[in-house]
Protein chains: 2
Amino acid sequence: MKVLSQTSKYGIRALLYMVSNPSTGEYVSIGEITKELNLSFHFLTKIFRELTNKGILYSYRGPSGGIALAKPSDQIMLIDIVLALEGEDYFDNCLLGFPGCGVEKPCPVHNFWKGIKEDIKSHLCNTSLAQLGEKILAEEVRLFD
Amino acid sequence: MKVLSQTSKYGIRALLYMVSNPSTGEYVSIGEITKELNLSFHFLTKIFRELTNKGILYSYRGPSGGIALAKPSDQIMLIDIVLALEGEDYFDNCLLGFPGCGVEKPCPVHNFWKGIKEDIKSHLCNTSLAQLGEKILAEEVRLFD
DNA sequence: CATATTTAAGAGTATTAATTCTTAATTAAC
DNA sequence: GTTAATTAAGAATTAATACTCTTAAATATG
Ligand code: SF4
Ligand code: SF4
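I will try to describe carefully the structure that is included in this document. Keep in mind the model is a prediction, meaning the values are calculated, not measured. (Residues numbered from 1 in each chain as written. Chains lettered and ligands numbered in written order. Predicted model: local features only at pLDDT ≥ 70, side-chain atom pairs only at ≥ 80, totals over all residues. Heavy atoms only, no water.)

We now examine the interface of chain A and chain B. Counting residues at the interface gives 43 residues for chain A, matched by 43 residues for chain B. For the chain A and chain B pair, buried surface summed over both sides reaches about 4000 Å², with 67% attributable to carbon and sulfur atoms. Of all residues in chain A, A:Met1, A:Pro108 and A:Arg142 bury the most surface against chain B, accounting for 23% of the area lost on that side. Applying the counting rule to chain A against chain B returns zero salt bridges. Seen at the junction of chain A and chain B, the total is eleven residue pairs in polar contact (both at pLDDT 80 or more). Of all elements in the fold, only α1 (6-19), α5 (110-126) and α6 (129-137) of chain A reach the threshold of two or more residues within the side of chain A that touches chain B. For the side of chain A that touches chain B, the element with the highest residue contribution is α5(A), accounting for seven residues. (Contact = heavy atoms within 4.5 Å. Buried area = accessible area lost by both parts, 1.4 Å probe. Salt bridge = Lys/Arg side-chain N within 4 Å of Asp/Glu carboxyl O. Polar contact = N/O pair within 3.5 Å; in protein donor to acceptor, adjacent residues only side chain to side chain. Helix = DSSP H or I, 4+ residues; strand = E, 2+ residues; numbered from the N terminus.)

What follows is the structure in structure tokens.
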């Protein structure tokens, strides 16, 4: 069951690393993150470029540069990251892939699927990076393997 | 959000066509189904071969041959089809793709994700082809576009 | 200014999923 | 037995995703 692409998974994990490691400087380098989380530097750079273009991150080039959250972590919701990386049409999908749906009668699994999607959406809308970062700092949950 | 592969989507739609079209003969030909649902004949043939190998369908070659449900439609649950086509490890996934999970502390989104997976699983376990077929026959829902 | 550090941009490659194609085997009917 | 209808098996192709690599641009520091 693939709900998130690798791109989103890596993006979220990297952001969670950032909020759970209150660093000294303003910017944290992508190299540090990929080293700590054992991700591909070039891949994460590409992912973060997208988040920078979408206004979720700031970036700064040069020594002691890196990336930083564009907003306080309690104002960045998981949904922002997912929609930025998966596309705004992320929830416009059909469980059974019926063509041209939503117009006439629903398909046999619509009610079920609609409910599940709403559950996922509302959770992503109501969960901030700050909330998850706190859980990591409190060591209730883990971020590494 | 890709929860089911095209394989599963086509497989389920084709089986729903079968249960909602009580045909005269014992076997229904794959060609008829793909013509009605506008699917690729060769692709559906491959999908049904898998379901035949897994014991969900019977097949019979030659004129007036085709495929048939191996069990009454009220005994075939959606979960049977999904696990047959997506693999038995379909639910062994992690929303954030953490490596080697489930051993120590959970990741920050585990509780949420676990709940969603259970909702999906229980619904797939409790929904039979017969139930959905009835809804189609009652014209409450649609099967075509 | 020279150098080192860091992100930006996008081309290139590899892997996986999806689809199509080819050939063979089975069976019914004439 | 010949033909037509049908599934079986799997190779071959295409498309999408995931990942890597190369080059350029920006910036700090000495
Ligand atoms: S009715 Fe709902 S679940 Fe079914 S195909 Fe349409 S949008 Fe998807
Ligand atoms: S804790 Fe749960 S959701 Fe998170 S990575 Fe592990 S299995 Fe997946």
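Time to look at the protein's contact with DNA strand D. Surrounding DNA strand D, one finds 24 residues, the nearest of these being A:Tyr60, A:Pro63, B:Ile30, B:Arg49 and B:Ser59. Sugar and phosphate atoms constitute 60% of the interface atoms of DNA strand D, taking the interface as everything within 4 Å of the protein. B:Arg61 has a polar side-chain atom sitting 3.1 Å from a sugar or linking oxygen of DNA strand D. If you list the elements that add at least two residues to the surface near DNA strand D, you get α1 and α3 (41-53) of chain A together with α3 (41-53) and β1 (57-60) of chain B. By residue class, the composition of the surface near DNA strand D is eight nonpolar, ten polar and six charged. (Near = heavy atom within 4 Å. Nonpolar A, V, L, I, M, F, W, Y, C, P; charged D, E, K, R; others polar.)

Here the focus is empty space enclosed by the protein. If you walk through the whole model with that rule in mind, you get three cavities of 30 Å³ or more. Quantified by volume, the largest cavity comes out at close to 60 Å³. Lining the largest cavity, in full, are A:Val3, A:Leu4, A:Ile12, A:Leu78, A:Tyr90, A:Ile120, A:Leu124, B:Leu95, B:Leu96 and B:Val109. When its residues are assigned to classes, the lining of the largest cavity shows ten nonpolar, no polar and no charged. There is about 40 Å³ of room inside the second largest cavity. Here the lining of the second largest cavity is built from residues that sort into eight nonpolar, no polar and no charged. (1 Å grid on protein atoms, 1.4 Å probe; cavity = no way out; pocket = protein on both sides within 12 Å on 5 of 7 lines; lining within 4 Å. Points joined across faces, edges and corners; volume = space filled by probe spheres on them.)

Residues and elements named next belong to chain A. Tallying each qualifying case throughout the model produces two salt bridges over all chains. Note that Glu50 and Lys54 form a salt bridge whose closest N and O atoms lie 2.9 Å from each other. Classification of Glu50 by relative accessible area gives partly exposed; the value is 31%. Taking relative accessible area as the criterion, Lys54 reaches 46% and is therefore assigned partly exposed. (Buried < 20%, exposed > 50% of the residue type's maximum accessible area, 1.4 Å probe, protein only.)

These figures capture arrangement, not role.
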